[in-house]
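# Inside the fold
The primary structure of each chain is shown beneath.
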Protein chains: 2
Amino acid sequence: MKLSSLIETSADWLTDGSEETSIVISSRVRLARNIRGYAFPTWAKKVERMELIQMLKPVVEKSGAMTSWAVSESMDAFTQLDKQILVEQHMISREHAAKSAGSAVVINKDRSISIMINEEDHLRMQSFKPGLRLKEAWQAIDQLDSEIEKNVPYAFHDKLGYLTACPTNVGTGMRASAMLHLPALVLDEQINQVVQAVGKLSLAVRGLYGEGTEALGNLFQISNQTTLGEVEEEIVDRLSKVIQQLVTHEQNARATLLEKKPRMLADQVGRAYGILTNAHSLTSKEALNLLSILRMGVDLGIMPHSLRLTVDELMIAIQPAHLQVGTRNKLTTEERDALRADIMRKKLTGVKKPDSKKILKPSPLEQEPN
Amino acid sequence: MKLSSLIETSADWLTDGSEETSIVISSRVRLARNIRGYAFPTWAKKVERMELIQMLKPVVEKSGAMTSWAVSESMDAFTQLDKQILVEQHMISREHAAKSAGSAVVINKDRSISIMINEEDHLRMQSFKPGLRLKEAWQAIDQLDSEIEKNVPYAFHDKLGYLTACPTNVGTGMRASAMLHLPALVLDEQINQVVQAVGKLSLAVRGLYGEGTEALGNLFQISNQTTLGEVEEEIVDRLSKVIQQLVTHEQNARATLLEKKPRMLADQVGRAYGILTNAHSLTSKEALNLLSILRMGVDLGIMPHSLRLTVDELMIAIQPAHLQVGTRNKLTTEERDALRADIMRKKLTGVKKPDSKKILKPSPLEQEPN
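Predicted model only: the values in this text are computed from it and were never measured. (Residues numbered from 1 in each chain as written. Chains lettered and ligands numbered in written order. Predicted model: local features only at pLDDT ≥ 70, side-chain atom pairs only at ≥ 80, totals over all residues. Heavy atoms only, no water.)

### Some remarks on the relation of the copies chain B and chain A
Least-squares fitting of chain B to chain A yields an RMSD of 0.0 Å, with the superposition described by an axial translation of 0.0 Å and a rotation of 180°. The transformation relating the two chain copies, once decomposed into turn and shift, fits a two-fold axis. When C-alpha positions in chain B are compared against the rotation axis, the closest is assigned to Gly274 of chain B, at 1.9 Å. The residues that chain B uses at the interface reappear at the interface of chain A in 100% of cases, marking a shared surface. (Least-squares fit on C-alpha atoms with pLDDT ≥ 70 in both. Contact = heavy atoms within 4.5 Å.)

Spelled out as structure tokens, the structure:
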């Protein structure tokens, strides 16, 4: 599979479009593993890293989930643009995109599993599922992990568990996370409170692209912070329960806004629709934020259901690297903003105006004869 | 004529809709006159002011331009709402709206002439014309003035000219002004420079409702500052020439923007259209500013010509007092913002999207096969 085909379609887990993904868009579990007897990637010399790839890549490619892999390449096989596309599709980390020869990536055909070789650890294996399916994501990656473990000796300590380059991963080496869409908690100004409460449970809240990124488009990534003292199933179970509570909070915030500020909601959705279908220049940030509001419009029943998939696809397609594909020259920021708006108007052609009457009671004004 | 009929239609000079009014919306000339032997209104006792009305009102009503007057009332005959409507239609000043018994207003049928009795001076007579027609406005008010002068003795000083309550009006007692729509000078950030240059010519630049008001909707009122040392025709002539220059500046700014930033223009007009046709809450300020951009869209040829009249009517209709008419209870700010958006969506129903292709060259992106 060529990388360009990654552009034409999105991974199913990333743009599912179903009701299930209305608040929890996707779930992800990643494992950090290292091979006994090899220096961690950051300390290893290039020749050692190359040697490790020679050894690990065939093992990984052979494993059940990856047999019909879509992409399996050394990082120097990619252009800068290819790497950015992989980041925008959450297949590799920003850090891994900076790597070259001595690092590699293997992605399976439906893009539900990606394995980074020689990122911070020798192996970073991630499994993705649409909606809140952390347990399934865990099972998929656990199975892959067990298969690989049969063929290579992991660095494992009887008391500490799996050994990792960064001490924050020692133990399970697992990071489970979910991407949540929380526009009502943001609009109702409850989000800071919620983020603080989640922080007290040893869970981390981050933006769209992981550590240190802003929460654009009202998208929040919730993940476990601790990897010691709990077994994987417990962590996944506890995280799932917290996320269920966040879903309830978001649903309550929507209900409250629908009851107390329906016009504000109709106004927000209307403006988002009006701007996205008529603007001729859109920054990435504005576009994501307006798409988020349109997505909420679907959940509120004032935009058509089919729009959720369109919105989710657009959220990926309007990222800088995705925009750059198919254009000959490197685009300036201004040209990207223009192209982003052009794509947006085109993709939203034919989408009807928000059906605000579904949430607005006829106002006393409208009832009057005059 | 009942005041409510003032709401149903706008004065022709206020919403002309013709090409002529694209940059200079309207012209106005007002004269301040006082009657010999009577104290200025601010110093006169109520009984003296009442007596003056008794004397002046019939004289004014009889004059040629006013014979079939539409409104001729003492200010205490109006409700608070009526007065605000008269202000929003530029028929009386804000100061006059605060008056009660002892002050009056006479407005002719086509609302091209309004006469305030006992505002700051005994008589404040104004004549309005659409477009840049200061000379015609001057001639109309000059004729009325001459007629009235035949029947009442004006306070006139051989060397100073007409005497007025405020020394800034002594001499001609004339203030000539025009309302200009200058969106391109604002978008191109030249407006402050232009305002300063105009100030140096002893002309004043003000907002939509005269002294001390903000320039909403890119609307600017330009008027003469001096009333001494020049005859009326010279003042009108000089002001007209300066306004012609401002029109040229605005046209040049539009041409420059069309050449250098056509996408910015298309974006501005598109967003204004998108928001006005989809919002469910609009403040007066936002609505005026967006209508202004839509109006520029008409001038640029990307919105239909018929929209200019609609926009000009909406600029009047969405003012607070106009909104209040026809509703039973006093509206809160929130309710007004809601009603304003409802009216806007309704009135703009069926207006097609901006035809941006008329100003945008096909971008290199669109020309590419991909």
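### Focus: the sheet that holds strand β2 (residues 71-74) of chain B
All names here are of chain B. The sheet built from eight strands is open, its strands ordered β2-β3-β4-β5-β1-β8-β10-β9 with antiparallel pairing. Of all the strands in the sheet, just β2 and β9 (203-206) have a single pairing partner and so form its edges. Between one strand and the next, the sheet's axes are offset by a mean angle of 15°, whatever the strand orientation. Relative to strand β10 (residues 219-224), β9 runs antiparallel, the two sharing four bridges. By the bridge assignment, Val205 is partnered in β10 with Ile222. Of the strands in this sheet, β9 and β10 touch helix α7 (residues 191-200), which is tilted by about 145° from β9. Packed onto the sheet, helix α8 (residues 232-260) meets β1 (24-33), β8 (174-181), β9 and β10 and runs at close to 10° relative to β8. (Pairing = 2+ DSSP bridges. Helix = DSSP H or I, 4+ residues; strand = E, 2+ residues; numbered from the N terminus. Axes fitted to C-alpha atoms, helices over the stretch in contact; angles between N-to-C directions.)

### Concerning the domain arrangement of chain A
All names here are of chain A. The domain architecture assigned to chain A consists of domain 1 (4-255) and domain 2 (261-358). On a C-alpha basis, the centroid separation for the pair domain 1 and domain 2 is 27 Å. Taken together, the 28 residues of domain 1 in the interface contact 24 residues of domain 2. When the two sides are added together, the surface that domain 1 and domain 2 hide from each other amounts to roughly 2,300 Å², 64% of it contributed by carbon and sulfur. The interface formed by domain 1 and domain 2 holds two salt bridges in total. Ionic pairing is found between Glu19 and Arg308, a salt bridge with its closest N-O pair at 4.0 Å. At the boundary of domain 1 with domain 2, the tally comes to eleven residue pairs in polar contact (both at pLDDT 80 or more). Listed by contribution, the elements that provide at least two residues to the side of domain 1 that touches domain 2 are α3 (80-88) and α6 (183-187). It is α3 that contributes the most residues to the side of domain 1 that touches domain 2, four residues altogether. Per-class residue counts for the side of domain 1 that touches domain 2 are twelve nonpolar, eleven polar and five charged. (Domains from an automatic or database assignment. Buried area = accessible area lost by both parts, 1.4 Å probe. Salt bridge = Lys/Arg side-chain N within 4 Å of Asp/Glu carboxyl O. Polar contact = N/O pair within 3.5 Å; in protein donor to acceptor, adjacent residues only side chain to side chain. Nonpolar A, V, L, I, M, F, W, Y, C, P; charged D, E, K, R; others polar.)

### Re the interface of chain B and chain A
With 32 residues of chain B at the contact, the number on the chain A side is 32 residues. Carbon and sulfur atoms make up 49% of the area that chain B and chain A hide from each other, which totals about 2,500 Å². Scanning the region where chain B abuts chain A turns up four salt bridges. A salt bridge links Asp342 of chain B to Arg263 of chain A; its shortest N-O distance comes to 3.2 Å. Between chain B and chain A we count 18 residue pairs in polar contact (both at pLDDT 80 or more) in total.

### Some points on the packing of helix α10 (residues 284-299) of chain B against helix α13 (residues 333-347) of chain B
Residue and element names in this part refer to chain B. One way to put it is that α10 packs onto α13 with a least axis distance of 10 Å and a crossing angle of 25°. By the angle between their directions, the pair α10 and α13 is classed as roughly parallel. Where α10 abuts α13, its residues Ser284, Ala287 and Leu291 lie against Asp337, Arg340 and Met344. Looking at the contact of α10 with α13 residue by residue, the classes come out as three nonpolar, one polar and two charged. (Parallel < 35°, antiparallel > 145°, perpendicular 65-115°, else oblique.)

### Digging into the packing of aromatic side chains
A complete count under the given rule lists six aromatic pairs over all chains for this structure. Plain terms: the ring middles of Phe40 of chain A and Trp43 of chain A are 6.0 Å apart, the flat faces sit at 55° to each other, and that makes the pair tilted. On the basis of relative accessibility, which here comes to 61%, the residue Trp43 of chain A falls in the exposed class. Pairing Phe156 of chain B with Tyr162 of chain B gives two aromatic rings, centres 4.8 Å apart and planes at 70°, and the pair type is edge-to-face. Residue classification places Tyr162 of chain B among the buried residues on the basis of a relative accessible area of 11%. Through a chain of ring-to-ring contacts, three or more aromatic side chains come together here, namely Tyr154, Phe156 and Tyr162 of chain A. Sitting above the plane of the Tyr162 of chain A ring, Arg33 of chain A keeps its charged end 3.5 Å from the centroid. (Phe/Tyr/Trp six-rings, centres within 6.5 Å; stacked < 30°, edge-to-face > 60°. Buried < 20%, exposed > 50% of the residue type's maximum accessible area, 1.4 Å probe, protein only. Lys NZ or Arg CZ within 6 Å of the ring centre and 35° of its normal.)

### Digging into the pairing of strand β1 (residues 24-33) of chain A
All names here are of chain A. Of all ten residues in β1, nine are buried, a share of seventy percent or more. Pairing of β1 with strand β8 (residues 174-181) involves seven bridges; the strand directions are antiparallel. For Ser27, the partnering residue across the bridge sits in β8 and is Ala178. Sheet analysis places β1 next to strand β5 (residues 123-130), joined by eight bridges and oriented antiparallel. Pairing of Leu31 across the sheet is with Met125, part of β5.

### Some details on the environment of Gly37 of chain A
Assignment of secondary structure puts Gly37 of chain A in the loop between β1 and α2 (46-62). Residues Gly37 of chain A and Ala155 of chain A lie 118 residues apart in sequence; the distance between their C-alpha atoms is 7.8 Å.

### Here's the deal with helix α7 (residues 191-200) of chain A
All names here are of chain A. Listing the buried residues of α7 in full gives Ile191, Val194 and Val198. Along the axis of α7, the buried residues cluster in a sector spanning 60°; they form a single face. Residues of α7 that are exposed and point over 90 degrees away from its buried face: Asn192, Gln193, Gln196 and Lys200. Looking at the buried positions of α7, the neighbouring elements they touch are α6, β9 (203-206), β10 (219-224) and α8 (232-260). In the segment just after α7, Ser202 is the residue with positive phi, at about 60°. (Arc of directions from axis to C-beta.)

### Some words on the side chain of Ser27 of chain A
All names here are of chain A. Mapped onto the secondary structure, Ser27 falls in strand β1. Within the structure, Ser27 has its side chain in polar contact with the backbone oxygen of Gly131 (distance 2.6 Å). Within the local environment of Ser27, its side chain forms a polar contact with the backbone nitrogen of Arg133, the two atoms lying 2.8 Å apart. The residues contacting Ser27, other than those within four sequence positions of it, are Ser127, Phe128, Lys129, Gly131, Leu132, Arg133, Leu134, Ser177 and Ala178.

### Examining the sheet that holds β1 of chain A
Two strands in a sheet stick together by hydrogen bonds in their backbones, pointing the same way (parallel) or opposite ways (antiparallel). Residues and elements named next belong to chain A. What the eight strands build is an open sheet, ordered β2-β3-β4-β5-β1-β8-β10-β9; its pairing is antiparallel. For this open sheet the edge positions go to β2 (71-74) and β9, each flanked by a neighbour on one side alone. Sheet twist, expressed as the mean angle between neighbouring strand axes with direction ignored, is 15°. Both strand β4 (residues 113-117) and β5 contribute to a ladder of five bridges, which runs antiparallel. Within β5, the residue paired with Ile117 across the bridge is Leu123. α7 rests against β9 and β10 of the sheet, and its axis sits at about 145° to β9.

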